[in-house]
Amino acid sequence: MTLNEKFQKLAQIAEPYKALLFDVDGTLADNIDAHKAAYVAVAAEYGVTLDPDLIDETAGWPTVAVAKEICKRYKVEFDVEVFSKRKSQIFIERFILQTQPVEYVRQVLFDNVGKKKIGIVSGGSRSTLNITLKVIDVAGKYEAMVCAGDTKQGKPSPEPFLLCAQQLGVKPEECLVFEDGDPGVQGAIAAGMGWVRIDQL
């Protein structure tokens, strides 16, 4: 499927919904390899040789939750909050300005500004997300953003999606969630929302 065909398909799927909720990393922003590299770099500082596949498995999880999973799997102990801050720091310093948009997804967002409600639902930190969204020119083109720490539980819990719908003033069933990972899809399903995996078109 060409990029234009992917865009047309997403636009068609989005048509009946009042609100579109976008994940960022791997969905609007083509930056998963950069996030993996940042995780690997921080883990190395703790003496852990991290398998980057773990980041695919935990796509959409808040960084603190990923850090806890690393502790569990590699049988190490460290302060997960400190790890998370360091991961964000490395990502911003070394990688964030190289971020490119996933063009066919971003175009759906652009085309619906002013027509549908637009929300951002991400497991990333607000400070990192604000920079990423600015770099890919999406800043200011959405009405609500829910990120790490805004709800008690992150993806795959429905909480972040339900909060975003509430902020946008729409019912869950009126929302379509754009995702690239299983945890986000599970959260969307639990919230009673429509969903599409942009990496499986």
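Residues numbered from 1 in each chain as written. Predicted model: local features only at pLDDT ≥ 70, side-chain atom pairs only at ≥ 80, totals over all residues. Heavy atoms only, no water.

A. Focus on the overall build of the chain. In terms of helices and strands, the chain carries nine helices and seven strands. In terms of overall size, the chain behaves like a compact globule, its C-alpha atoms giving a radius of gyration of 16 Å where 201 residues would be expected to give roughly 17 Å. Considering only C-alpha atoms, the chain reaches an extent of 50 × 30 × 30 Å along its principal axes. Burial status across the chain gives 51% buried among its 201 residues. Partitioning the contacts of the chain with sequence separation of at least 6, the portion at a separation of at least 24 is 68%. Carbon together with sulfur atoms contributes 50% to the accessible area of the chain, which is approximately 9600 Å² in total. (Helix = DSSP H or I, 4+ residues; strand = E, 2+ residues; numbered from the N terminus. Rg over C-alpha atoms; globule rule 2.2 N^0.38 Å. Buried < 20%, exposed > 50% of the residue type's maximum accessible area, 1.4 Å probe, protein only. Contact = heavy atoms within 4.5 Å. Areas by Shrake-Rupley, 256 points an atom, 1.4 Å probe, with all protein chains shown as cover.)

B. Just the packing of helix α5 (residues 80-95) against helix α7 (residues 126-135), in detail. As a packed pair, α5 and α7 sit with axes 10 Å apart at the nearest point and diverge in direction by 20°. Here α5 lies roughly parallel to α7, going by the angle between them. By crossing handedness, the relation of α5 to α7 is classed as left-handed. Facing α5, whose interface residues are Ser88, Phe91 and Ile92, α7 presents Thr128, Ile131 and Thr132. Of the residues belonging to the contact of α5 with α7, the class tally is three nonpolar, three polar and no charged. (Axes fitted to C-alpha atoms, helices over the stretch in contact; angles between N-to-C directions. Parallel < 35°, antiparallel > 145°, perpendicular 65-115°, else oblique. Left-handed = near helix turned anticlockwise from the far one by under 90°. Nonpolar A, V, L, I, M, F, W, Y, C, P; charged D, E, K, R; others polar.)

C. Molecular detail of the layout of surface pockets. Considering only enclosed or pocket space, the largest pocket measures out at about 360 Å³ in volume. Forming the boundary of the largest pocket are 24 residues, of which Pro62, Thr63, Val64, Ala148 and Gly149 lie nearest the centre. Among the elements of the structure, α4 (63-74) and α5 are those that each provide at least two residues to the lining of the largest pocket. Looking at side-chain class alone, the lining of the largest pocket contains seven nonpolar, twelve polar and five charged residues. Here the second largest pocket defines a volume of roughly 180 Å³. (1 Å grid on protein atoms, 1.4 Å probe; cavity = no way out; pocket = protein on both sides within 12 Å on 5 of 7 lines; lining within 4 Å. Points joined across faces, edges and corners; volume = space filled by probe spheres on them.)

All quantities given are derived from atomic positions and should not be read as evidence of function.
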